[in-house]
Amino acid sequence: MKKATLINSEVSYVIAKLGHFDAITICDAGLPIPNNIQRIDLAVSKGIPSFMDTLKAVSSEMEIESIELAKELPNISPQLHTELTTFIDALAAERKKEITVTYVTHEEYKENTQKSVAIIRTGEFTPYANITLKSGVVF
């Protein structure tokens, strides 16, 4: 049995297959997921698992080079945005690598999810709790 932070086999497998610039999206319970993208549905009930808990587990195994967020997030869900940016800054400092954050409109964000290798659905009910992680390299 795997003993690292991330123990979900589907998520671990997707991360293991990532190449440079490949993307994984972690989303709230309401984001539409395109039919042609692998859906990893972790949602059990409202808030379970949370967006941030899922992000922390995924980032424990993924080399993240850049991130995409909806530009509506800071205004609509400021508390989550603050928690998220604090986490990203700490992760970048810990890894001694810059993590670029880009903001796009929510409509553009939804279109861009079609480029994701997989979308991980959480039980999060906070509006705009969505993030696309773009893979970096470990060297």
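Everything below is about the structure printed above this text.
In this text, all values refer to a predicted model and were calculated from it rather than measured experimentally. (Residues numbered from 1 in each chain as written. Predicted model: local features only at pLDDT ≥ 70, side-chain atom pairs only at ≥ 80, totals over all residues. Heavy atoms only, no water.)

A. Broad picture of the side chain of Ser77. Structurally, Ser77 can be placed in the loop between α3 (73-76) and α4 (78-95). Residue class for Ser77 comes out buried when judged on its relative accessible area of 7%. Not counting the four nearest positions on each side in its chain, Ser77 is found in contact with Thr126 and Pro127. (Helix = DSSP H or I, 4+ residues; strand = E, 2+ residues; numbered from the N terminus. Buried < 20%, exposed > 50% of the residue type's maximum accessible area, 1.4 Å probe, protein only. Contact = heavy atoms within 4.5 Å.)

B. The arrangement of the nonpolar core in detail. Leu84, Ile131 and Leu133 are the most contacted members of the largest nonpolar core, which totals 30 residues. Counting only elements with at least two residues in this core, the list comes to α1 (9-17), β1 (23-27), α2 (51-59), β3 (64-70), α4, β5 (118-121) and β6 (131-135). (Core = buried A, V, L, I, M, F, W, Y, C linked by side-chain atoms within 4.5 Å.)

C. Broad picture of the packing of α2 against α4. In the contact formed by α2 and α4, the axes pass within 11 Å of each other and the chain directions differ by 15°. In terms of orientation, α2 lies roughly parallel with respect to α4. When you trace α2 past α4, the crossing you get is right-handed. Two secondary-structure elements touch here, α2 through Phe51, Met52, Leu55, Lys56 and Ser59 and α4 through Leu80, Glu83, Leu84, Phe87, Leu91 and Arg95. (Axes fitted to C-alpha atoms, helices over the stretch in contact; angles between N-to-C directions. Parallel < 35°, antiparallel > 145°, perpendicular 65-115°, else oblique. Left-handed = near helix turned anticlockwise from the far one by under 90°.)

D. Molecular detail of the sheet that holds β5. Ordered in space as β2-β5-β1-β6-β3-β4, the 6 strands form an open sheet in which the pairing is mixed. The sheet terminates laterally at β2 (38-41) and β4 (100-104), the two strands that pair on one side only. With strand direction ignored, the average angle separating the axes of adjacent strands in the sheet is 20°. Relative to β5, β2 is paired through 4 bridges, and the arrangement is parallel. (Pairing = 2+ DSSP bridges.)

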